[in-house]
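So the chains spell out like this:
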Amino acid sequence: MASVSARNGGVKQSWSQIVCRPMPGDVARGRQQRVAGSVARPQLGPHLGPHLGPHLGPQSRGTASGTTATGTTIPRASSALSPEPDGASAKVAYQGFPGAYSEIAANQACPTHETLPCEQFEIAFESLSQWAADRAVLPVENSLGGSIHAVYDLLQRYRLHIVGETFVAVNHCLLVLPGVSKSDIKTVLSHPQALAQTQEYTRRMGVVRQEYDDTAGAAKMIAEKNLRDCAAVASRKAGELYGLDVLDEGIQDMLGNITRFVVLSREPYMIRPGSGLRNDEFKTSIMFSLKEGPGVLFRAMSVFALRDITLTKIESRPLRSTPLVSMTSMDWDEGGMDERGMATPKGSEGFNYLFYIDFVGSLGDSNCQNAIRNLEEFATMVRVLGSYPRDMEH
């Protein structure tokens, strides 16, 4: 993609500088509440975030924002932001071991921040929520494997905000201990997705595929346990970190393997006047639910189509709090149809869906604000996950 920069007061800013600058109140509150040391495994509290209710918006302390009549928060322009925290205090959390693709994404999105590895996705969310980190970078979709549903479910549960995105090209390598040849390998270890993306390659090798929690973690274990009959599928960086040789590179079955990551913050991204960014250089992510009925999803999509707003993603997930909904208004004789276009008998039940949508545009734009307000008129719940600069550099 073409490289895009923003100008603010005559100073040229890179995409990562825009995304990873602190939000209002980050520094002052962080110095008072930050957990001491690098906490990769914080204790999860019993209250992980407010339950979803009608028309929930991202309520954040210390931010300049406006609220629609039904309660969805619209970020407003901020004329001043806190100074950049010093390098020793700024941390970005990610899931995985050092050398994981998530660490590559974290360094790419927040190059001035110290990385904080976390064992699980939820620990990364909790690290950010409990002030152990200033940002978190998590994968949300892969060009081959699709959406990472565990992260979408956590976005629903936690009151954090998407403030940026970044893309990482996945280049899988076959990593072994020095001196090991391909004929010595009996087992290949890696994350399930990495094994699935290299299935044809490992099938030709005639080896046993064994799942591991993390690509870099598999490389680390081979190095620590001196497993000379095993190989790991991981990044070249993981091989360099753990002293492994790259026996083969680019072993994924299909080219164009790219993962999209989002950058999370405790505060929403605030749109600054004079930033130099056009409206089409922003992306907005929302989640919403709808009442059961004919044409309701079409009506929701029309909110954006009629305003010439481009959708870049739509994802549906069963709503965990109320997964089933009664379809008593439908009848075979009346030609009742569910959201998938399937005929549904009277009195049956179907899934109650939560929809995630990304669209091009900023909530600082009145056209986008009106689309959200229009959606609120008939949606049972609308929540803005973030309005942020698109990654135009990768």
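See the structure shown above.
The paragraphs below set out a description of the structure included in this document. (Residues numbered from 1 in each chain as written. Predicted model: local features only at pLDDT ≥ 70, side-chain atom pairs only at ≥ 80, totals over all residues. Heavy atoms only, no water.)

**Topic: the overall build of the chain**
Regarding its fold elements, the chain presents 11 helices and 21 strands. Relative to its full complement of 394 residues, the chain shows a buried share of 54%. Counting only carbon and sulfur atoms, one obtains 52% of the accessible surface of the chain, whose full area is about 17,300 Å². (Helix = DSSP H or I, 4+ residues; strand = E, 2+ residues; numbered from the N terminus. Buried < 20%, exposed > 50% of the residue type's maximum accessible area, 1.4 Å probe, protein only. Areas by Shrake-Rupley, 256 points an atom, 1.4 Å probe, with all protein chains shown as cover.)

**Some remarks on the packing of helix α4 (residues 121-129) against helix α5 (residues 149-157)**
With their axes 10 Å apart at the nearest point, α4 and α5 run at an angle of 30 degrees to one another. With respect to α5, the element α4 is oriented roughly parallel. For the pair α4 and α5, the crossing hand works out as right-handed. Contacts between α4 and α5 involve F121, E122 and F125 from the first element and A150, V151, L154, L155 and R157 from the second. (Axes fitted to C-alpha atoms, helices over the stretch in contact; angles between N-to-C directions. Parallel < 35°, antiparallel > 145°, perpendicular 65-115°, else oblique. Left-handed = near helix turned anticlockwise from the far one by under 90°. Contact = heavy atoms within 4.5 Å.)

**Some words on the pattern of salt bridges**
As enumerated under the stated definition, the model contains 17 salt bridges in all. We note a salt bridge from E224 to K220, for which the minimum N-O separation is 2.6 Å. You can see E224 and its partner K220 sitting in helix α8 (residues 215-225), four residues apart, about one turn around the helix. Residue K220 is classed as partly exposed on the basis of its relative accessible area of 23%. Here the residues in one salt-bridge network are E141, E165, R260, K283, K313, E315 and D358, joined through shared partners. (Salt bridge = Lys/Arg side-chain N within 4 Å of Asp/Glu carboxyl O.)

**Details of the sheet that holds strand β21 (residues 379-389)**
Across a sheet, strands are paired by hydrogen bonds formed along the backbone, either parallel or antiparallel in direction. Strand order in the open sheet formed by four strands is β17-β20-β16-β21, and the pairing between neighbours is antiparallel. Each having just a single partner strand, β17 (311-318) and β21 make up the two edges of the open sheet. Averaged over all pairs of adjacent strands, the angle between strand axes in this sheet comes to 15 degrees, irrespective of strand direction. In terms of strand pairing, strand β16 (residues 282-290) meets β21 through nine bridges, oriented antiparallel. Across the sheet, the residue bridging to M287 is R383, located in β21. This element, helix α10 (residues 296-305), spans β16, β17 and β20 (353-360) of the sheet and lies at about 155 degrees to β16. (Pairing = 2+ DSSP bridges.)

**Description of the packing of aromatic side chains**
Considering all chains together, one arrives at six aromatic pairs under this definition. Ring centres of Y353 and F355 lie 6.2 Å apart, and the angle between their planes is 40 degrees; on these two criteria the pair is classed as tilted. Taking the relative accessible area as the measure of exposure, Y353 reaches 19% and is therefore buried. By relative accessible area, which is 6% here, F355 ends up buried. Through pairs of rings, three or more aromatic residues link up here, namely F288, Y353 and F355. Geometry around W131 places R266 over its ring, the cationic atom sitting 3.5 Å from the centre. (Phe/Tyr/Trp six-rings, centres within 6.5 Å; stacked < 30°, edge-to-face > 60°. Lys NZ or Arg CZ within 6 Å of the ring centre and 35° of its normal.)

**Quick notes on the environment of F378**
Assignment of secondary structure puts F378 in the loop between α11 (366-376) and β21. Overall, the relative accessible area of 12% leaves F378 in the buried class. In the structure, F378 is positioned 87 residues away from K291 in sequence and 7.9 Å away in space, judged by C-alpha atoms.

**Here's the deal with the pairing of β20**
The side chains of a regular strand alternate between both faces of the sheet. For β20, the buried fraction is high: eight of the eight residues fall into the buried class. Burial of the side chains of β20 extends over both faces: Y353, F355, I357 and F359 are buried on one face and L354, Y356, D358 and V360 on the other. Examined bridge by bridge, β16 and β20 share seven bridges and lie antiparallel to one another. The residue of β20 that forms the bridge with M287 is Y356. Two elements, β17 and β20, share seven bridges in a ladder whose sense is antiparallel. Counterpart to L311 in the pairing with β20 is F359.

**Observations regarding the sheet that holds strand β11 (residues 187-190)**
Strand order in the open sheet made by the five strands is β12-β11-β13-β10-β14, with mixed pairing throughout. The open sheet is flanked by β12 (208-211) and β14 (245-249), the only strands paired with a single partner. The mean angle between the axes of side-by-side strands here comes to 30 degrees, regardless of whether they run parallel or antiparallel. As paired elements, strand β10 (residues 173-176) and β14 share four bridges and run antiparallel to each other.

**Digging into the packing of α10 against α11**
Two numbers describe how α10 lies on α11: the axes approach to 9 Å, and their chain directions differ by 160 degrees. With respect to each other, α10 and α11 are oriented roughly antiparallel. Crossing geometry of α10 relative to α11 is assigned as right-handed. From α10, A300, V303 and F304 reach across to α11, where they touch A371, N374 and L375. Considered class by class, the residues forming the contact of α10 with α11 number five nonpolar, one polar and no charged. (Nonpolar A, V, L, I, M, F, W, Y, C, P; charged D, E, K, R; others polar.)

**Details of unusual backbone geometry**
At W131, a residue that is not glycine, the phi angle is positive and equals roughly 70 degrees. Summarising the element assignment, W131 is placed in the loop between α4 and β7 (135-142). The class for W131 is buried, based on a relative accessible area of 7%. Its identity as a non-glycine residue notwithstanding, D308 has a phi of 60 degrees, on the positive side. With respect to the helices and strands, the residue D308 is situated in the loop between α10 and β17.

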